[in-house]
Amino acid sequence: MAEPTVGERDVLVQVQAAGLNQLDEKIRAGEFKQILPYRLPLILGNDVAGTVVRVGAKVRGFRSGDEVYARPDKDRIGTFAERIAVAESDLALKPASISIEEAGSLPLVALTAWQALVERGNVRAGQKVLIHAGAGGVGSIAIQLAKHLGATVATTASGANADFVRELGADTVIDYRTQDFEQLLAGYDLVLDSLGGENLKKSLRVLRPGGTAIGIAGPPDPAFAREIGANAVLRLVITALSSGIRRQARKLGVNYQFLFMRASGDQLRQIAALIDGGALRPVVGKVLPFDQLPRGLEALEKGGIRGKAVVSKP
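Residues numbered from 1 in each chain as written. Predicted model: local features only at pLDDT ≥ 70, side-chain atom pairs only at ≥ 80, totals over all residues. Heavy atoms only, no water.

Visitor: Help me understand the pairing of strand 2 (residues 48–55) in this model?
Guide: A regular strand places its side chains so that they alternate between the two faces of the sheet. Bridge count for strand 1 (residues 10–20) against strand 2 is six bridges, and the pairing is antiparallel. Residue pairing across strands places Leu-12 opposite Arg-54, the latter belonging to strand 2. Strand direction decides the pairing type here: strand 2 and strand 3 (residues 67–70), joined by four bridges, are antiparallel. The residue bridging Val-48 from the neighbouring strand is Ala-70, located in strand 3. (Pairing = 2+ DSSP bridges. Helix = DSSP H or I, 4+ residues; strand = E, 2+ residues; numbered from the N terminus.)

Right under this line is the structure:
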């Protein structure tokens, strides 16, 4: 495979670990073809941790030998490779206190949690936050971050993972197999929904008036269309996709926002500080050698992995 092109503000990274995400399979299956211009064949992979090989002429923040981590920009994914060129602005030094595999598990899920809870949600002490799928990749980080911000945290998980999510900081655990969270929760300031569909509709109904549900599984909303610079036709399509859930939110006096996380080296630096300070810890449920990547993606589809699965190439 050809060496990646390294622009003057790019950093060439030797990939040592890459997190596996549901997003990779969704891109491969074409689920985002209506809203994102991915064309197959495509090298997948949205998380990277590794070592800097060389830097572009105008890069000032990194040098050869640095251990780094990143979620490359959505137009430059491809971490399931030997090397990848990443924009300097999307990259950060990896947290010093964790392994390269743990660092490789973090960027996409940690940035998602940060952008939902800090940037969009402005979560503050004393607020009530519901995080769905608390034992998963996003959920396991979001619980810890919400607790660090001072929120009272509820989550949905299987009974087998109840103690695990409590250890992460959840105050209330709803067993999604035997309990209906809509019947047990009320007055929440924020819901982070990673499931969509009926789960998202029910999430609107546990919010206080003025509360917000942030969905990362869709449907996309008009604000997202503006964010990606969609043309007029695509804006209409995206508006239609979310019209039902936005209408339901308005009737209930609550808000719905779609979040498709973006790359940010600055936010990764803040996350690294929290990790090295002991406020957050990565959760890696499975590590596989790089040559077993297909098996890792299959395991991800089957579910049951706590936190993240990672492929490693020391």
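Visitor: Quick question: what am I supposed to make of helix 3 (residues 107–120) here?
Guide: Think of an α-helix as turning once every 3.6 residues; residues three or four places apart then point the same way. The axis of helix 3 is deflected most strongly, by about 25°, at Trp-114. Those residues of helix 3 that sit buried are Pro-107, Leu-108, Val-109, Ala-110, Leu-111, Thr-112, Ala-113, Trp-114, Gln-115, Ala-116 and Leu-117. Following helix 3 by one or two positions, Asn-122 adopts a phi angle in the positive range, close to 45°. (Bend = angle between axes of the 7 residues up to and from the residue. Buried < 20%, exposed > 50% of the residue type's maximum accessible area, 1.4 Å probe, protein only.)

Visitor: Sorry, what's going on with the sheet that holds strand 8 (residues 172–175) here?
Guide: Hydrogen bonding along the main chain pairs the strands of a sheet, whether they run parallel or antiparallel. Taken in spatial order, the six strands of this open sheet run 8-7-6-9-10-11, and their pairing is parallel. Each edge of the open sheet is held by one strand with a lone partner, namely strand 8 and strand 11 (255–258). Pairwise comparison of adjacent strand axes, ignoring direction, gives a mean angle of 15° for this sheet. Inspection of the sheet shows strand 6 (residues 128–131) paired to strand 9 (residues 188–193) by three bridges, in the parallel sense. Considered in strand 9, the bridge of Val-129 is made with Leu-190. (Axes fitted to C-alpha atoms, helices over the stretch in contact; angles between N-to-C directions.)

Visitor: I would appreciate a short explanation of helix 11 (residues 265–276) in the present structure.
Guide: Across its twelve residues, helix 11 extends 16 Å between first and last C-alpha, which sits within 8% of the 16 Å expected from 1.5 Å per residue. Buried residues of helix 11: Gly-265, Gln-267, Leu-268, Ile-271, Ala-272, Leu-274 and Ile-275, and no others. Within helix 11, the buried residues cover an arc of 165° as seen down the axis, which keeps them to one side. Of the exposed residues in helix 11, the ones pointing more than 90 degrees away from its buried face are Asp-266 and Ala-273. Directly after helix 11, the chain includes Gly-278, whose backbone phi takes a positive value near 90°. (Expected span 1.5 Å × (residues − 1). Arc of directions from axis to C-beta.)

Visitor: I tried to follow the packing of aromatic side chains on my own but got confused; where do I start?
Guide: Counted according to the given criterion, the structure contains two aromatic pairs. Aromatic side chains Phe-224 and Phe-258 sit 5.1 Å apart centroid to centroid with 85° between the ring planes, which places their arrangement in the edge-to-face category. Of this pair, Phe-224 sits in helix 8 (residues 222–227) while Phe-258 sits in strand 11, and the two are 34 residues apart along the sequence. Phe-224 gets classed as buried once you look at its relative accessible area, which sits at 2%. Of the residues examined, Phe-258 reaches a relative accessible area of 3% and is grouped as buried. Between Phe-224 and Phe-260, the ring centres sit 6.1 Å apart and the planes meet at 50°, which makes this aromatic pair tilted. Remark: Phe-260 occurs in the loop between strand 11 and helix 11 and Phe-224 occurs in helix 8; sequence separation between them is 36 residues. Side by side, Phe-224 and Phe-260 carry an identical accessibility label, which is buried. Ring pairing ties together the aromatic residues Phe-224, Phe-258 and Phe-260, which thus form one cluster. (Phe/Tyr/Trp six-rings, centres within 6.5 Å; stacked < 30°, edge-to-face > 60°.)

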